[in-house]
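# Observations on the model geometry
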Amino acid sequence: MKRRRLYIGISILITLLIAALVGWALFVGNQQQELQKDTADLGYFGGSTDSSGGGGLFGGIFGGDNDPENTTVSTEPQPILRQLYNLPTAGFIKKRSNAIRFVDRATGHVFERDLPEGATTRVDQTTVPQVYEAYLTEDGDGVIRRYIDSEDNITSVYSRVGEGDKNRTLSNANTIRVMPSGSSILYIEETGAGSVLSTLSLEEGSAPKKVTSSNLRGWEVDAKDAFALLTQKPSGTLPGSSYVLDLTTGAKKLILQQATGLMAKISPDGTRVLYSDTQEGSLPKLSIRNIETNATIRLDASGFAEKCVWSLAGAKIYCALPNSFPQVLYPDAWYQGDVHFSDSLWEIDTLTGEMRQLFSPKESEGISIDMVSLSTDLTGRVIFFINKTDQTLWSITLPSEEEVSDTAENES
Amino acid sequence: MHMRLFFFTGIFLGLFFVPLAWTSAQVLPTLGSVEINLTPEHPQPGQLVQATISSASESVRAASIVWLLNDRVELEGPGEVSFSFRAGKAGSTQTVGVLMRTTSGQVLANTLTLQPAQVTLLWEADTYTPPFYQGRSLYSSGSLIRAEAIAEFIDSSGNTYDPSKLIYTWSKNGTVIGGISGVAASSIVTEGPKFLGNYILAVEVQAPDGTQVALSAARIQTTEPIIKLYERDPLIGVMYHTAVSTDHIFSGSSQFEVHASPFFMATQHANASSLNYTWQVNGTRVFGDGDTPAELTLQLSGQDSLRTRIRVAVAHVQHLLQAGEETFAVGFEGSARESLFGF
């Protein structure tokens, strides 16, 4: 009897020990997983890494999968939210192939990730520390890294991916935009007399072509291949104006005048402008103006034009609209980093002004994302963006029309 | 039918008797003059314009009035002293005419031709904002104003005037700035308002032949510099995207760097010698980092989480009214430093 009690006691002790060990292993596994995830994304382990989850001692079996796409349970096809890179990203481009290239802000390394769930590979390991802003050109085969010195001077260095030792440098280029063709850029250089706007082909040996100059330095640019929309940098306390610049002749045509807090984006064909302004200190309102007729559609939406992107055909606009606005001066407080938004993604019909909410990361996944630098792929089904709050890279994949109709047929 | 008769009678009287009235007031003493006033005086293309008549000779309120735009009757009736219309495109010609018959039978007429042109005044202050900042540089006392006029003047043949041929007249609160006005003077750099004040900066642009005039103005208002604090991450640099605010929590290390950005001060960069920084931590004076006085490094000792008050004051050595300060009550997490896994 005594022996039996002893066996029971030993069994309980062994069970408790196993339970404690499993708990300990789970804890260590989670810690290891977090550490490995960060370092893997930095490329410190070399080769290709899969940043879509997993890893860690027990991560693959017991670890919680943080990929939000798997947390949504619904019979209808839902948009899929993906974090493509979980460290600060200086810039990105969706390649024509099914991949995205992006620049790590800390190291300046260029990574490529196959979409939607593929591996992440480092494709350029030229180390440029603290790249505040980067542009990928030529379908991702060229990169412009932008960094600052202790006197706040901006230096921009262009090189072909994988050929970091052969580079071209632009000094004091306050603003750079890559033309839609990808093979040339538009840049605004600060000068003693104000600023000079030039275009530059990225072909070796090509020289900049000056288009116009200005007494002012604070310009936001939306560049197309033949023209550009120049808008004064906005403030919620001052009116601003916007004009279209013909990049061949240098001719200017005023489009929007004296609108407070003005931000503007021109349609791909150059016929319409999406803009936002804050009338009498109110919240920013979105509108679409026809450049030729001046006819304006005032949208029933509060948001910033900067948080929107035109579809390639110009029929739709995708906008990240804040779910709420703290009581501050816009856009100044947002630009200065005082506030961050929790956005939802909306689709706007540019002819009718009809609006439709596509996805709310907050409602669907409990995640607050302040979307900036929005862009779409060729199909218009995937929206890529940076989360301004932590500078990480994300995408939202919308269900295709076939998926939606298939589901509708199955349900009927 | 009556109105048409009145109209043609008016045209007839207008064409033949009004000139006579100017030259032979003795012959037709009952005829007076009527003036058309436009608001705004120099309308821009597409702008809503109000034309109003005034007459010295008799009350116009009781008179029968006909308004014509490009020789088409647009408005008629008793007491219609004003008429609104939209200005045409830049370079187009519009003729506004008015016929008036007073209760005493006196008939008056006048016409006015306008050719809308457009100018927009754009301005910014020559003040500091951090690199990559997407907002406007605002004016603070003692700094400079950079302004530019973008004009759209088209002649009757449809050709755009070369901006360098136009005449620009700049003024502050209505006083013409002679030294910087003139032909091709489309942009200026000038002093801003003094002593926290404001003024109206205006530009009037005129075609070389004087046929077209356009005006644009802006109120230049003084704002106070703003001091923002940002964390400098050793890997990614200054985190301009998130300002340090009261209740900001620093985590993950025992050493922190913060960077002060003096928004809207007259300087080229934050570490310029023209700026004096005064840092305090919990009321004790501390000093910034050598050649980079805009930055402060905080080395924490001990393992406990703690709260600290950081105060930074920035003063411009030349412009006494350019000064700002900010105090931040921030927290530092202890767990990251004492954690077994806080690598």
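Up top is the structure these notes are about.
Throughout, residues of each chain are indexed from 1 in the direction in which the sequence is written. Throughout, the order in which chains and ligands are written sets their labels, letters from A for the former and numbers from 1 for the latter. Under the rules for a predicted model, residues below a pLDDT of 70 receive no local features and side-chain atom pairs below 80 are neither given nor counted, while totals for whole chains, interfaces and linings still include all residues.

## Considering the overall build of chain A
- Helix and strand assignments follow DSSP, with helices taken as H or I runs no shorter than four residues and strands as E runs no shorter than two, numbered in order from the N terminus. From N to C terminus, chain A includes four helices and 29 strands.
- Of all intrachain contacts in chain A linking residues separated by at least 6 positions in sequence, the fraction that spans at least 24 positions is 43%. Residues are scored as being in contact if the C-beta atoms we place from backbone atoms lie within 7 Å.

## Some details on the sheet that holds strand 28 (residues 382–387) of chain A
Residue and element names in this part refer to chain A.
- As summarised here, the arrangement of the four strands in space is 2-29-28-27, forming an open sheet in which the pairing is antiparallel. Only two strands of the sheet have a single neighbouring strand rather than two, namely strand 2 (80–85) and strand 27 (371–376). On average, each strand axis in the sheet is tilted by 25 degrees relative to the strand beside it, whichever way the strands run.
- Pairing between two strands is assigned when DSSP locates at least 2 bridges connecting them. In this structure, strand 27 lies alongside strand 28, joined through four bridges in antiparallel fashion. When the bridges of strand 28 are listed, M371 appears paired with N387. The axes used here are C-alpha line fits, helices contributing only the stretch in contact, and every angle between their N-to-C directions lies in the interval 0 to 180 degrees.

## Side note on the interface of chain B and chain A
- Between chain B and chain A, the contact holds 37 residues from the first and 40 residues from the second.
- Classes in brief: Ala, Val, Leu, Ile, Met, Phe, Trp, Tyr, Cys and Pro nonpolar; Asp, Glu, Lys and Arg charged; the others, Gly included, polar. Split into classes, the residues belonging to the side of chain B that touches chain A amount to 16 nonpolar, 14 polar and seven charged.

## Quick notes on the nonpolar core
- Joined through C-beta atoms within 7 Å, a set of buried Ala, Val, Leu, Ile, Met, Phe, Trp, Tyr and Cys residues constitutes a nonpolar core. Whether a residue is buried, exposed or partly exposed follows from its count of other C-beta atoms within 10 Å of its own C-beta, namely 20 or more, 12 or fewer, or something in between, respectively; the C-beta atoms are built from the backbone. A264, L274, C319 and F385 of chain A are the most contacted members of the largest nonpolar core, which totals 134 residues.
- Domain start and end points were adopted from an automatic or database domain assignment. For this core, the two domains that each supply at least three residues are domain 2 (118–221) and domain 3 (226–338) of chain B.
- Each residue touching A264 of chain A, except ones within four places of it in the same chain, is listed here: L229, T231, S242, L256, V273, L274, Y275 and A305 of chain A.
- A51, I53, I65 and V98 of chain B belong to the second largest nonpolar core, which has 18 residues in total.

## Here we look at the sheet that holds strand 9 (residues 144–152) of chain B
All names here are of chain B.
- Taken together, the three strands give an open sheet; going across it, the order is 8-9-13, and neighbouring strands pair in antiparallel fashion. The open sheet is flanked by strand 8 (118–125) and strand 13 (187–191), the only strands paired with a single partner. Strand after strand, the sheet turns through a mean of 25 degrees between neighbouring axes, direction not considered.
- As paired elements, strand 9 and strand 13 share five bridges and run antiparallel to each other. Within strand 13, the position partnered with A147 by the bridge is I188.

## Examining the pairing of strand 17 (residues 237–243) of chain B
Residues and elements named next belong to chain B.
- Bridge count for strand 16 (residues 226–233) against strand 17 is three bridges, and the pairing is antiparallel. In the strand pairing of strand 17, D233 is matched with G237.
- Hairpin connection, strand 16 to strand 17: the antiparallel pair is bridged by three residues.

## Description of unusual backbone geometry
- Cis geometry is adopted by the peptide bond preceding P116 of chain A, which originates at L115 of chain A and carries an omega value of 0 degrees.
- Within the secondary structure, P116 of chain A is located in the loop between strand 5 (110–114) and strand 6 (120–124).
- Residue P40 of chain B is reached from T39 of chain B by a cis peptide bond, and omega for that bond is -5 degrees.
- Among the structural elements, P40 of chain B can be located in the loop between strand 1 (34–39) and strand 2 (48–55).
- Backbone geometry at D152 of chain A places phi at a positive 65 degrees, although glycine is not the residue there.
- Relative to the assigned elements, D152 of chain A resides in the loop between strand 8 (142–148) and strand 9 (154–160).
- Exposure remark for D152 of chain A: the 20 C-beta atoms within 10 Å place this residue in the buried category.
- Phi at N294 of chain A is positive, roughly 65 degrees, even though this residue is not glycine.

## A few points about the environment of E220 of chain A
Residues and elements named next belong to chain A.
- Considering the arrangement of structural elements, one finds E220 in strand 15 (residues 219–223).
- A count of 23 C-beta atoms within 10 Å places E220 in the buried class.
- As for E220 and Y85, which are separated by 135 residues in sequence, their C-alpha atoms are 27 Å apart.

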